Number of protein chains: 2
Amino acid sequence: MNLPKILLVFIVLNATSVKAQIIKTSNSFIVIPLGVKGGLDESNLSAYLVAASSSEQFICLDAGTINTGIQKAVQNKIFIESNAEAIQKKYINSYFISHGHLDHTAGLILNSPNDLAKNIYALPSVIDVLKGSYFTWKSWANFGNEGDKPILNKYSYNYLTPGVEIDIPNSTLKVTPYTLSHVNPYESTAFLVGNKNDYLLYLGDTGADTVEKSSKLKTLWTAVAEKVKSGALKAIFIEVSFDNSMPDKALFGHLTPKLLMQELNTLNQLSAGNLNKVKIIITHMKPCETCEPLIMDQLKIANRLGLSLVYPKQGELMAF
Amino acid sequence: MNLPKILLVFIVLNATSVKAQIIKTSNSFIVIPLGVKGGLDESNLSAYLVAASSSEQFICLDAGTINTGIQKAVQNKIFIESNAEAIQKKYINSYFISHGHLDHTAGLILNSPNDLAKNIYALPSVIDVLKGSYFTWKSWANFGNEGDKPILNKYSYNYLTPGVEIDIPNSTLKVTPYTLSHVNPYESTAFLVGNKNDYLLYLGDTGADTVEKSSKLKTLWTAVAEKVKSGALKAIFIEVSFDNSMPDKALFGHLTPKLLMQELNTLNQLSAGNLNKVKIIITHMKPCETCEPLIMDQLKIANRLGLSLVYPKQGELMAF
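Described below are features of the structure shown in this document.

What counts, and at which threshold
Residues numbered from 1 in each chain as written. Chains lettered and ligands numbered in written order. Predicted model: local features only at pLDDT ≥ 70, side-chain atom pairs only at ≥ 80, totals over all residues. Helix = DSSP H or I, 4+ residues; strand = E, 2+ residues; numbered from the N terminus. Buried ≥ 20, exposed ≤ 12 C-beta atoms within 10 Å, placed from the backbone. Contact = placed C-beta atoms within 7 Å. Nonpolar A, V, L, I, M, F, W, Y, C, P; charged D, E, K, R; others polar. Core = buried A, V, L, I, M, F, W, Y, C linked by C-beta atoms within 7 Å. Pairing = 2+ DSSP bridges. Least-squares fit on C-alpha atoms with pLDDT ≥ 70 in both.

**Considerations on the overall build of chain A**
- In terms of helices and strands, chain A carries 8 helices and 14 strands.
- Out of the 320 residues in chain A, the part that is buried amounts to 55%.
- Long-range pairs, those at least 24 residues apart, make up 64% of the contacts in chain A between residues at least 6 apart in sequence.

Structure, rendered in structure tokens:
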């Protein structure tokens, strides 16, 4: 962050202590990544807490890792409380699941016995996976409100419609889902999160339109282009799973640095060259000994638009 | 461990460095717990690597957490290599899954893309969960050799028969499965692992016979009683999920300190009072701020047989 330009404000929310963090008074969102990796490491898989910066009610975008991520945030003194289970109960308002793959759902399922009654929001195809693969009594007790009996009725499924905005109870946030293509015809989801007039966009796993033979990303970019132009869109969380050496046929619905920049060029054109107003948060790098540094190098080289690329860290607070 | 009585041997295996660890020359087994908790914390869920002490080929008993557990073992200098993925590929020979619940399977599924072709051993009811709930293309790509197409053929399912011993390829180990009751009629599995004339017994999640209205544990205790008497059974890994205050109807197929001791009393009687020859390794305590110390206190008080109770730690080597 560019220290001289911003006002230092130590915000202590009602019960959430955003301690020793630098937040502009103009920030609309606070984000706590609970997990940022694209696989393998069970302690650090995709999950992002998002709240209006004036609120302590977080929505959880994907839920690969919950408990271990909260433990990291506790180590970083983000919460006054120290017990991860109590923090999950109190501060997570609801869950938005982009797709049913286990690296985006394991934290929700594993922590369900000790959670409180909450809403799960997802596209119908994603709820079908939660109901049919996880909350089945075979792989896990059915904590949902539909599906295999007995139904424990802890989580309420809310079926989202692409392009239709919903309000989040007990929060000023609103969310609009958009369909993504993740190995066509399998669906994933992007969530456009609004707070008053500001927005951030989170994409679950997605392939590039050229590789997926799809126009899902073009549709999404068209939908948010005006918000890029106006500066209302503050950040885009988007995946880069593999480095450029991965052949198209082995991408399995994921992006590389080259494909990301191809897509972001489209968005930049649709928004009349204003994409450098938006922070690009790189998510879901698939780990190996050399993979993450290589992806970061390739992104730096491919970043001819001069975009602001940000690498989120588990348990470290971000503000937009 | 009782230092004065045992011979200090620093064993350096062919490629596995069991560094600065205390192992008797008479030990038959080395065990590396990759995860020991009974839920919530995604970084530390049930998984135990077991090898003949002269070997570097480990079988993995349950697979809740793999990658993070290997990272912990690497921090403890147990392996010469430092890359968790490479260690999983090289040292894990095969997987034995006690039942399909996610806290016993997540590590296997999440790490499957980067693993090598291996065997998965389980009862038919457990393989049905792997095939029907996880390796389905909906929740995860199908890395199995049966089930939803396309079939990626990385893991080969091996259907176990209760009471029938099998040999493990490239190892001197042999394994006999026994059925457990985990919320009757749902099945879980105990694995009796043999190396020459020595044995250790690992139990997946299980309820007490009295609560489950079952005789599965009695059958198991009867099957191993002679090995307890003779001293051939070196260790029993068994769960205690909840403290004594949990009512029977809320146990969901798990044990408390009181119920564990009730079951171990039965085994002690069947083995003519010889159970104090066997180390009892307490697994799967469900974590909360005060739960684990409370369970440990209650076990200490209930331990009127004077058994040797051991609490495994993630990534710390054990020998039997």
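Read on for the rest.
**What about the interface of chain B and chain A?**
- If you look at the interface, chain B gives 30 residues, while chain A gives 30 residues.
- If you list the elements that add at least two residues to the side of chain B that touches chain A, you get α1 (67-75), α3 (106-111) and α4 (124-134) of chain B.
- With 5 residues, α3 of chain B is the largest single contributor of residues to the side of chain B that touches chain A.
- A per-class count over the side of chain B that touches chain A returns 10 nonpolar, 14 polar and 6 charged.

**Here we look at the nonpolar core**
- If you look at the biggest cluster of nonpolar residues, it comprises 192 residues, and the most contacted ones within it are Leu201 of chain A together with Leu201 of chain B.
- What Leu201 of chain B contacts, discounting residues up to four positions off in sequence, is Ala190, Leu192, Val224, Leu233, Ile236 and Phe237 of chain B.

**Some details on the sheet that holds strand β6 (residues 155-159) of chain A**
All names here are of chain A.
- As summarised here, the arrangement of the 7 strands in space is β6-β5-β4-β3-β2-β1-β14, forming an open sheet in which the pairing is mixed. Only two strands of the sheet have a single neighbouring strand rather than two, namely β6 and β14 (318-319).
- Direction of pairing for strand β1 (residues 29-35) relative to strand β2 (residues 47-52): antiparallel, over a ladder of 6 bridges. Residue pairing in the sheet places Val31 in a bridge with Val50 of β2.

**Examining unusual backbone geometry**
- Residue Pro150 of chain A is reached from Lys149 of chain A by a cis peptide bond, and omega for that bond is -5 degrees.
- Mapped onto the elements, Pro150 of chain A comes out in the loop between α4 (124-134) and β6.
- Cis geometry is adopted by the peptide bond preceding Pro185 of chain B, which originates at Asn184 of chain B and carries an omega value of 10 degrees.
- For Pro185 of chain B, the location among the structural elements is in the loop between β8 (173-181) and β9 (187-195).

**With respect to the relation of the copies chain B and chain A**
- When chain B is brought onto chain A, the operation consists of a screw motion whose angular component is 180 degrees and whose axial shift is 0.0 Å, with 0.0 Å RMSD remaining. The transformation just described matches what one would write down for a two-fold rotation axis.
- Mapped onto chain A, 100% of the interface residues of chain B again fall at the interface, so both copies present the same surface.

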